[in-house]
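# Coordinate inspection notes
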Amino acid sequence: EVVQNVQPDAIMLDLHLPDLEGFDLLKVMSLKLAKRPTPILVMARQLNAEKVKRAIELGAKDCLCKPFSGADAMERVVRLLKGPKSSTGGVVHV
């Protein structure tokens, strides 16, 4: 609901959420954003090749393993935003 109302240019999604399965949320967000593609950066601890592949298959455009620096995160977000432009809603961190 937040993603549809805010219309972000990019989303940073932590896969380790307290009450939700991050991959399930990624799938739902990708489906809801299908008409207006929004790049999603997935982040998590212990991202192995299988998890990265699954995230990409579910709609993520990039993955970042924790811990990471602010500079690393900014570099990835800038790279995502250089893709096709969407509305000027900013970045949503979930």
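Residues numbered from 1 in each chain as written. Predicted model: local features only at pLDDT ≥ 70, side-chain atom pairs only at ≥ 80, totals over all residues. Heavy atoms only, no water.

The next thing to look at is the overall build of the protein. A count of helical and extended segments in the protein gives four helices and four strands. The order of α-helices and β-strands along the protein, N terminus first, is α-β-α-β-α-β-α-β. Within the protein, buried positions represent 35% of all 94 residues. Long-range pairs, those at least 24 residues apart, make up 61% of the contacts in the protein with a sequence separation of at least 6. As displayed, the protein offers around 6000 Å² of accessible surface, 56% of which is attributable to carbon and sulfur atoms. (Helix = DSSP H or I, 4+ residues; strand = E, 2+ residues; numbered from the N terminus. Buried < 20%, exposed > 50% of the residue type's maximum accessible area, 1.4 Å probe, protein only. Contact = heavy atoms within 4.5 Å. Areas by Shrake-Rupley, 256 points an atom, 1.4 Å probe, with all protein chains shown as cover.)

This part is about the nonpolar core. Core analysis: the biggest nonpolar cluster contains 15 residues, and Leu13, Leu15, Leu26, Met29, Ile40, Val42 and Ala55 have the highest contact counts within it. Looking at this core, the elements with two or more residues in it are β1 (10-14), α2 (22-32) and β2 (40-44). Take this core: its biggest share by element is four residues, from α2. The contact partners of Val42, leaving out residues within four places of it in the chain, are Leu13, Leu15, Leu26, Leu47, Ala55, Ala60, Asp62, Cys63 and Leu64. (Core = buried A, V, L, I, M, F, W, Y, C linked by side-chain atoms within 4.5 Å.)

Our focus in this paragraph is the pairing of strand β3 (residues 62-65). Strand residues, when the strand is regular, have side chains that alternate between the two faces of the sheet. With four bridges connecting them, β2 and β3 associate as parallel partners. Counterpart to Leu41 in the pairing with β3 is Asp62. In this region the chain leaves β2, passes through helix α3 (residues 49-57) and returns to the parallel neighbour β3; the handedness of that crossover is right-handed. (Pairing = 2+ DSSP bridges. Right-handed = clockwise from strand over helix to strand, strands pointing away.)

Below, the discussion takes up the packing of aromatic side chains. Geometry of an aromatic ring pair is reported as the spacing of the ring centres plus the angle between the planes. Using the criterion set out here, one finds zero aromatic pairs in the structure. Over the ring of Phe23 we find Arg54; its NZ or CZ atom is 4.1 Å from the centre of that ring. (Phe/Tyr/Trp six-rings, centres within 6.5 Å; stacked < 30°, edge-to-face > 60°. Lys NZ or Arg CZ within 6 Å of the ring centre and 35° of its normal.)

The subject of this paragraph is α3. Capping the start of α3, Asn48 holds a side-chain oxygen 3.2 Å from the backbone nitrogen of Glu50, two or three residues further along. Where α3 terminates, the next one or two residues include Gly59, which has phi positive at roughly 120 degrees. (Polar contact = N/O pair within 3.5 Å; in protein donor to acceptor, adjacent residues only side chain to side chain.)

With that out of the way, let us pick up the environment of Ile56. Turning to its location among the elements, Ile56 is positioned in helix α3. Note on Ile56: relative accessible area 42%, which makes it partly exposed. For Ile56 and Val42, which are 14 residues apart along the polypeptide, the C-alpha to C-alpha distance reads 9.0 Å. In contact with Ile56, not counting residues within four places along its chain, are Lys61, Asp62 and Cys63.

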